[in-house]
There are 2 protein chains.
Amino acid sequence: MNSRMIDRRQLMTAALFLAVFFPCLRAHGADTLHSWNNGPTKIAVLQFVRDVTTEGGQYFVPPRGRIAVFSHDGTLCPEQPVPVELAFALDRIKALASTHPRWNTKEPFKSALSRNLKALAATGTRGMMELTAAAHSGMTTEEFETTVMNWLAKARNPKLNRPYTQCALLPMLELLDFLRSSGFKTYIVLRGDAGFLRPWAEKVYGVPPDQVIGSSVRTKFESRRGAPLLVRRPEFDLMEDGAGRPAAIYRAIGRRPIAAFGNSDADLEMLQWTAAGEGRHLALVVHHTNGGNEFAYDRKAMFGRLDKGLDMARKNGWRIADMTKDWNRFFTKTTK
Amino acid sequence: MNSRMIDRRQLMTAALFLAVFFPCLRAHGADTLHSWNNGPTKIAVLQFVRDVTTEGGQYFVPPRGRIAVFSHDGTLCPEQPVPVELAFALDRIKALASTHPRWNTKEPFKSALSRNLKALAATGTRGMMELTAAAHSGMTTEEFETTVMNWLAKARNPKLNRPYTQCALLPMLELLDFLRSSGFKTYIVLRGDAGFLRPWAEKVYGVPPDQVIGSSVRTKFESRRGAPLLVRRPEFDLMEDGAGRPAAIYRAIGRRPIAAFGNSDADLEMLQWTAAGEGRHLALVVHHTNGGNEFAYDRKAMFGRLDKGLDMARKNGWRIADMTKDWNRFFTKTTK
């Protein structure tokens, strides 16, 4: 046996090993959830993924059925002191105010301009829709995308002092990656305008624009200088919270997810619907318990109240990711 | 140099060749469009794909921007003598009629039951929506899926004498495959209920459920014997034809396609919007000119009228797939 033969055998063995075991290694995932402590929550996630990806196993789900939905604000990123989309709307209303003098005395604009969040919240769903419609319309779809990206390039979460694009919760990014590498299709669900998140969801979360499910600003087909385009109108098709979420998910993707991740009472029905499907499922609630690294709030929060959801999660045996107990890192290092 | 060394060199060379050139070979595609005659239409398709996939080229589009939308009825499959979804609705209304005695005298049900298509068409959009709402509701989303699949297992296109699942136009299937193998994400757009096509779009067209864009039957979140589920309501959110198509596509995927395929005046604005985007684009109209192999109709058709669209395609230099000139095969062999 000469040395060349050994080389070749080693080469072939290595190739065979990679070909056979690489999918398993990738799907194993214990090594990718670095920011999760080894505890019952992480183990439950790993067990679920192993169950639905083990071919020939009792709970195997073919890739086309591996649908995972993630709520956005509070689940994938902090929603305090205000959700990112509201921060954008507040800045945009301020920028537009000089050409809308009536806004100084008219709600919800008055409270938005004075940054009185409590009074703004009191204007309710109708007020928030009116605010979003004004902030997100009056331009083409392409112009809106540019406006959003320009704002994101400068805006920062005031408490975390980070660009919003670097506020994603690291353990959740790892979870998104792990699920995708295990053959899942991952979706983001938000109550706000999907058109606001879509331009940057892929870069930050690895989720392409058409896998972002949310409310819609209506558009109108127009022709400008002979070129057809879509203009965003100040009209809003609201995705309702609660029972509206399963309906919106069904409308967008036509299937019941097998994994759902939420953090507030608005996500309850989405979690219930997912948990009631056939076979294995995973319903997980992110519980904000860490005021030092992130924020601590639940039953009495203005944004992202988690009250019934906490009781229901405990009652139904859903998984709870307690940030303090289950996570050891919260964010990536900031980069320029 | 001994023979083992040659073996090894050959092995490495072959591996290198595959690694470097395999993506190009796959993307070349001239060999996959077997049912397309070598003529200006096929050449234009190949040229477009080459332009947007050539890295470093002037017209290169990264994979995330390679969005192709296909109208369904008449573009991917025949829509004569009636579109598949209408065939389903007619059968279903008939099956339900015994428990709805009023339908015998009430439009649009009366015309549906007597199969008077002209009178049915005269009930307009409102009539068709009412018909669909009645035929597609009153059950859970999972039950509806089963109902559709059971119907498809038996129903046949009466003129072609084929199961509807084997009525897909072969040249269009080749085109879908070719685009996907060139990094495109392919979507189907239909005016009807997306929930009707989604259960079988993947098997027939290779398009997953969430890449089917259409109208929606509204659903309601309910709990039955403790299990949350969605019940389809007799209410219909219509995706309008014409200018409604670009808006519906934007709503669903948040982007402007770079390739669009249609066959009727209902697709006009979708084609215009696509053709007006930046960079290279492909707007193609399927023209039904072959009454022997499929159907021949255009300016005066009841379903799938192509009148303005034909003029506009010629005026704007869009591509026209003339079935007789451009195609040499129409369907796959039928299988059990």
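Everything discussed here concerns the structure shown above.
Worth saying up front: this structure is predicted, and the values here are computed from it rather than measured.

Attention now moves to the pattern of salt bridges. Close approach of charged atoms lets side chains of opposite charge pair. Inspection of the entire model under this criterion finds 34 salt bridges over all chains. In this structure, a network of salt bridges that share partners links the residues Arg-218, Arg-233, Glu-235 and Asp-237 of chain A together with Arg-251 of chain B.

The subject of this paragraph is the environment of Arg-156 of chain A. All names here are of chain A. Note on placement: Arg-156 falls in strand S2 (residues 156-157). As for Arg-156 and Thr-75, which are separated by 81 residues in sequence, their C-alpha atoms are 18 Å apart. When residues no more than four places from it in sequence are discounted, the contact partners of Arg-156 are Asn-161, Arg-162, Pro-163 and Tyr-164.

Let us look at the sheet that holds strand S7 (residues 259-262) of chain B. Residues and elements named next belong to chain B. Taken in spatial order, the seven strands of this open sheet run S6-S5-S4-S1-S7-S8-S9, and their pairing is mixed. The open sheet has two free edges, formed respectively by strand S6 (227-237) and strand S9 (319-322), since each of these has just one partner strand. Each neighbouring strand pair of the sheet contributes to a mean axis angle of 30°, computed without reference to strand direction. Strands strand S1 (67-71), strand S4 (185-193) and strand S5 (212-224) of the sheet are contacted by helix H10 (residues 244-253), whose axis makes an angle of about 125° with S4.

Our focus in this paragraph is the pairing of strand S9 (residues 319-322) of chain A. In summary, the side chains of a regular strand alternate between the two faces of the sheet. Residue and element names in this part refer to chain A. Across four bridges, the pairing between strand S8 (residues 282-287) and S9 is parallel. Each bridged residue has a counterpart across the sheet, and for Val-286 the counterpart in S9 is Ala-321. Crossover handedness for the path S8 to helix H12 (residues 308-316) to S9: right-handed.

Quick look at the packing of helix H2 (residues 40-53) of chain A against helix H8 (residues 170-181) of chain A now. All names here are of chain A. Taken N-terminus to C-terminus, the directions of H2 and H8 make an angle of 15°; their axes are 11 Å apart at the nearest point. Taken as axis vectors, H2 and H8 run roughly parallel relative to one another. Seen from above, H2 lies across H8 with right-handed handedness. Contacts from Val-45, Leu-46 and Val-49 in H2 reach Leu-175, Phe-178 and Leu-179 in H8. Considered class by class, the residues forming the contact of H2 with H8 number six nonpolar, no polar and no charged.

Taking 1.5 Å per residue as the helical rise, helix H2 (residues 40-53) of chain B with its 14 residues ought to reach 20 Å, and the 20 Å between its terminal C-alpha atoms agrees with that figure. Every buried residue of H2 of chain B is listed here: Thr-41, Lys-42, Ala-44, Val-45, Leu-46, Phe-48, Val-49, Asp-51 and Val-52 of chain B.

Superposition of chain A onto chain B requires a rotation of 180° combined with a translation of 0.0 Å along the rotation axis, giving an RMSD of 0.0 Å. Within this description, the copies of the chain are treated as partners about a two-fold rotation axis. Both copies share a contact surface, since 100% of the interface residues of chain A are interface residues in chain B too.

Listed per partner, the contact involves 41 residues of chain A and 41 residues of chain B. The junction of chain A with chain B conceals about 3,700 Å² of combined surface from both sides, 52% of it contributed by carbon and sulfur atoms. Counting across the interface, chain A meets chain B through eight salt bridges. For Glu-202 of chain B, the salt bridge is made with Arg-64 of chain A, and the minimal N-O distance between the two is 4.0 Å. Where chain A packs against chain B, one counts 20 residue pairs in polar contact (both at pLDDT 80 or more). Listed by contribution, the elements that provide at least two residues to the side of chain A that touches chain B are helix H1 (3-28), helix H7 (141-154), strand S4 (185-193), helix H9 (194-205), strand S5 (212-224), strand S6 (227-237), helix H10 (244-253) and helix H11 (268-275) of chain A.

The final tally for this structure, using the stated rule, is 24 aromatic pairs over all chains. Where Phe-88 of chain B meets Trp-151 of chain B, the ring centres are 5.4 Å apart and the plane angle is 80°; that geometry is what we call edge-to-face. Of this pair, Phe-88 of chain B sits in helix H3 (residues 84-96) while Trp-151 of chain B is found in helix H7 (residues 141-154), placing the two residues 63 residues apart along the sequence. The pair Phe-88 of chain B / Trp-151 of chain B is uniform in exposure class, with both members buried. Where Trp-151 of chain B meets Tyr-164 of chain B, the ring centres are 5.5 Å apart and the plane angle is 20°; that geometry is what we call stacked. With a gap of 13 residues between them, Trp-151 of chain B in helix H7 and Tyr-164 of chain B in the loop between strand S3 (162-163) and helix H8 (170-181) connect regions that are remote in the sequence. A relative accessible area of 13% means that Trp-151 of chain B is categorised as buried. Taking relative accessible area as the criterion, Tyr-164 of chain B reaches 9% and is therefore assigned buried. Geometry around Phe-144 of chain A places Arg-232 of chain A over its ring, the cationic atom sitting 3.8 Å from the centre.

Let's shift gears to the environment of Ala-119 of chain B. Looking at the element boundaries, Ala-119 of chain B is found in helix H5 (residues 117-122). On a C-alpha basis, the gap between Ala-119 of chain B and Ser-98 of chain B in space is 22 Å, while along the polypeptide they are 21 residues apart.

Parameters and conventions
Residues numbered from 1 in each chain as written. Chains lettered and ligands numbered in written order. Predicted model: local features only at pLDDT ≥ 70, side-chain atom pairs only at ≥ 80, totals over all residues. Heavy atoms only, no water. Salt bridge = Lys/Arg side-chain N within 4 Å of Asp/Glu carboxyl O. Helix = DSSP H or I, 4+ residues; strand = E, 2+ residues; numbered from the N terminus. Contact = heavy atoms within 4.5 Å. Pairing = 2+ DSSP bridges. Axes fitted to C-alpha atoms, helices over the stretch in contact; angles between N-to-C directions. Right-handed = clockwise from strand over helix to strand, strands pointing away. Parallel < 35°, antiparallel > 145°, perpendicular 65-115°, else oblique. Left-handed = near helix turned anticlockwise from the far one by under 90°. Nonpolar A, V, L, I, M, F, W, Y, C, P; charged D, E, K, R; others polar. Expected span 1.5 Å × (residues − 1). Buried < 20%, exposed > 50% of the residue type's maximum accessible area, 1.4 Å probe, protein only. Least-squares fit on C-alpha atoms with pLDDT ≥ 70 in both. Buried area = accessible area lost by both parts, 1.4 Å probe. Polar contact = N/O pair within 3.5 Å; in protein donor to acceptor, adjacent residues only side chain to side chain. Phe/Tyr/Trp six-rings, centres within 6.5 Å; stacked < 30°, edge-to-face > 60°. Lys NZ or Arg CZ within 6 Å of the ring centre and 35° of its normal.

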